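Letter by letter, the chains look like this.
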Amino acid sequence: APREWFLSAGAAADSAAAALLSHRRSGLSAADSPLRCLHLGCGTSNLGGAICDALESEHRLAATVTNVDYSPAAIDVAARRADPRQSYHVWDVTDGSQPPAPPHGSAYDLLLDKGTLDAVLFCGEAPLLGYLAALRRLLAGDG
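The structure presented is a predicted model; accordingly, all values stated were derived computationally and were not measured.

Thresholds, definitions, all that
- Residues numbered from 1 in each chain as written.
- Predicted model: local features only at pLDDT ≥ 70, side-chain atom pairs only at ≥ 80, totals over all residues.
- Heavy atoms only, no water.
- Helix = DSSP H or I, 4+ residues; strand = E, 2+ residues; numbered from the N terminus.
- Expected span 1.5 Å × (residues − 1).
- Buried < 20%, exposed > 50% of the residue type's maximum accessible area, 1.4 Å probe, protein only.
- Arc of directions from axis to C-beta.
- Contact = heavy atoms within 4.5 Å.
- Core = buried A, V, L, I, M, F, W, Y, C linked by side-chain atoms within 4.5 Å.
- Patch = residues over 30% accessible without salt bridge, like charges linked within 9 Å, V, L, I, M, F, W, Y side chains within 5 Å.
- Areas by Shrake-Rupley, 256 points an atom, 1.4 Å probe, with all protein chains shown as cover.
- Salt bridge = Lys/Arg side-chain N within 4 Å of Asp/Glu carboxyl O.
- Pairing = 2+ DSSP bridges.
- Axes fitted to C-alpha atoms, helices over the stretch in contact; angles between N-to-C directions.
- Right-handed = clockwise from strand over helix to strand, strands pointing away.

1. Thoughts on helix α5 (residues 125–138)
Since the α-helix packs 3.6 residues into each turn, any two residues three or four apart lie on the same face.
Working step 1: For α5, which comprises 14 residues, the first-to-last C-alpha distance of 20 Å matches the rise-based estimate of 20 Å (1.5 Å per residue) to within 8%.
Working step 2: All of the buried residues along α5 are P127, G130, Y131, A134 and L138. For α5, the buried positions fall inside an angular range of 100 degrees around the axis, keeping them on one side. Of the exposed residues in α5, the ones pointing more than 90 degrees away from its buried face are E125 and R136.
Working step 3: Close packing links the buried residues of α5 with β1 (35–40), β4 (110–113) and α4 (116–120).

This is the structure in structure tokens:
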């Protein structure tokens, strides 16, 4: 069963979609689709599907989500969902390894984190710096 931390996947997705659209000053249109989203520390959450749904239903924007987690067991459970908008990969965001490549581009438009940074803060300085460096590399210039 999906495990959600802090707030529901739907509430987090609605908030993330609104923040993305507010941040992109020029606005977004269907020509920008599909938006490339990376969900860091996805665990077994439904947030990936929820952000796709929020962007499509509320803003008429398509999205693809690359879900990553350091736990192979969590990825195995989450990947059982048959959703062609999403892919699942084992990746430790803190270790400096190469991340999964974003589909249809060289960077992600939206990075989603609903608790991973909170956990990384307790792992020491090196993992935190690795996490922050990864975010900088992964995000598109106007993301």
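What follows picks up the thread again.
2. Notes on the nonpolar core
Working step 1: Among the nonpolar cores identified, the biggest contains 19 residues, and I51 and L55 are the most heavily contacted of them.
Working step 2: Counting only elements with at least two residues in this core, the list comes to α1 (9–23), β1, α2 (47–59), β2 (63–69) and β4.
Working step 3: Beyond its immediate stretch of four places on either side in the chain, L55 contacts A17, L35, C37, R60, L61 and A63.

3. Some thoughts on the environment of S97
Working step 1: Following the sequence through the fold, S97 ends up in the loop between β3 (86–90) and β4.
Working step 2: Take S97: its relative accessible area is 27%, and that puts it in the partly exposed class.
Working step 3: Along the chain, S97 and G130 lie 33 residues apart, while their C-alpha atoms are 9.3 Å from each other.
Working step 4: Aside from chain neighbours lying at most four places away, what touches S97 is W91, D92 and R137.

4. What to know about a nonpolar patch on the surface
Working step 1: Taken together, the side chains of L117, L121, F122, L129 and L132 define a hydrophobic patch exposed on the protein surface, amounting to about 510 Å² of accessible area.
Working step 2: Residue position: L117 is located in helix α4.

5. A short note on the sheet that holds β1
Working step 1: If you trace the four strands from one edge of the open sheet to the other, you get β3-β2-β1-β4, paired in parallel fashion. Looking along the sheet, the strands with just one partner apiece sit at the ends: β3 and β4. For this sheet, the mean inter-axis angle between neighbouring strands, taken without regard to orientation, is 20 degrees.
Working step 2: Bridge count between β1 and β2: six bridges; the pairing is parallel. Each bridged residue has a counterpart across the sheet, and for L40 the counterpart in β2 is V68.
Working step 3: In the packing of α2 onto the sheet, the strands contacted are β1, β2, β3 and β4, and the crossing angle to β2 comes to about 160 degrees.

6. Topic: the pairing of β2
Working step 1: Along β2, seven of the seven residues are buried, which leaves the element largely enclosed by surrounding structure.
Working step 2: Burial along β2 is two-sided: A63, V65, N67 and D69 and T64, T66 and V68, pointing in opposite directions, are all buried.
Working step 3: Handedness of the crossover joining β1 and β2 through α2 is recorded here as right-handed.
Working step 4: With five bridges connecting them, β2 and β3 associate as parallel partners. Note that in β3 the partner of T66 across the bridge is S87.
Working step 5: This β-α-β element, β2 to helix α3 (residues 72–78) to β3, shows right-handed connectivity.

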